[in-house]
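The primary structure of each chain is shown beneath.
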Amino acid sequence: TTSIGHAGIINGYASFMEMLTEHDLGVVILANSIEFDPTPIWDTVVDIILELPEETESDSSIDLSELNLEDYVGDFALTEFTGEPLMTLQFRIEDGRLVMLAPTQPKLIFSPIAPDVVEGGGLEVEFIRDETGRVSYIIAGFRAAARVD
């Protein structure tokens, strides 16, 4: 399915627009917070309107013993479109689980759903590796963040 859209933030407000042209579906989400993640709303709207089946538990074929959660530990800086710092997302391991800490946000606990992709609290995060295999970026929702540690 082809998806066309754009998201942005300015002056403390966030906007998100996405269209699935093959389904004649367009959604606009507005928020009065730059820390807003529209992903859970977008996913729910698409599921309801397109009458998609509910997701089942995570694919058990992902062997946690083969994943090195230490690869994902680090600090990743989100910035405004102007380049100004917005916040730092901190990924840590607590009690054998990957967690994310962000200012003014509750701690999120993540579970792997694919190689280098985790999900927690409705947020999907993809870890992007550089040519050496080190995680150097993340994509969280519709935003990218560079490793800063």
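Residues numbered from 1 in each chain as written. Predicted model: local features only at pLDDT ≥ 70, side-chain atom pairs only at ≥ 80, totals over all residues. Heavy atoms only, no water.

Asks: Tell me what's going on with the sheet that holds strand β3 (residues 25-31), and back it up with residues and numbers.
Replies: One open sheet holds the 3 strands; their spatial order is β1-β2-β3, and the pairing between them is antiparallel. The two strands at the open ends of the sheet, each matched to only one other strand, are β1 (3-10) and β3. Averaged over all pairs of adjacent strands, the angle between their axes in this sheet comes to 5 degrees, without regard to strand direction. Relative to β3, strand β2 (residues 13-20) runs antiparallel, the two sharing 7 bridges. What sits directly across from Met 19, in β3, is Gly 26. The strands that helix α1 (residues 39-49) touches are β2 and β3; relative to β3, the one it contacts most, it runs at about 150 degrees. (Pairing = 2+ DSSP bridges. Helix = DSSP H or I, 4+ residues; strand = E, 2+ residues; numbered from the N terminus. Axes fitted to C-alpha atoms, helices over the stretch in contact; angles between N-to-C directions. Contact = heavy atoms within 4.5 Å.)

Asks: For the nonpolar core, give the residues involved together with the corresponding values.
Replies: Grouped together as the largest cluster of nonpolar side chains are 20 residues, with contacts concentrated most on Leu 89, Phe 91, Phe 110, Val 125, Phe 127 and Ile 138. At the level of elements, β4 (74-79), β5 (85-94), β6 (97-101), β7 (108-114), β9 (123-129) and β10 (135-140) are the ones that each hand at least two residues to this core. A per-element tally of this core places β5 first, with 4 residues. If sequence neighbours within four positions are ignored, Phe 110 has contacts with Phe 91, Leu 98, Val 99, Met 100, Val 118, Glu 119, Gly 120, Leu 123 and Val 125. In this structure, Leu 20, Val 27, Ile 29 and Trp 42 belong to the second largest nonpolar core, which totals 7 residues. (Core = buried A, V, L, I, M, F, W, Y, C linked by side-chain atoms within 4.5 Å. Buried < 20%, exposed > 50% of the residue type's maximum accessible area, 1.4 Å probe, protein only.)

Asks: Summarise the sheet that holds β7; cite the residues concerned and give the values.
Replies: Strand order in the closed barrel made by the 8 strands is β4-β5-β6-β7-β8-β9-β10-β11, with antiparallel pairing throughout. Pairs of neighbouring strands in the sheet enclose a mean axial angle of 30 degrees, with direction left out of account. Strand direction decides the pairing type here: β4 and strand β11 (residues 143-147), joined by 2 bridges, are antiparallel. Of the residues in β11, the one forming a bridge with Phe 76 is Arg 147.

Nothing here speaks to function; it is geometry throughout.
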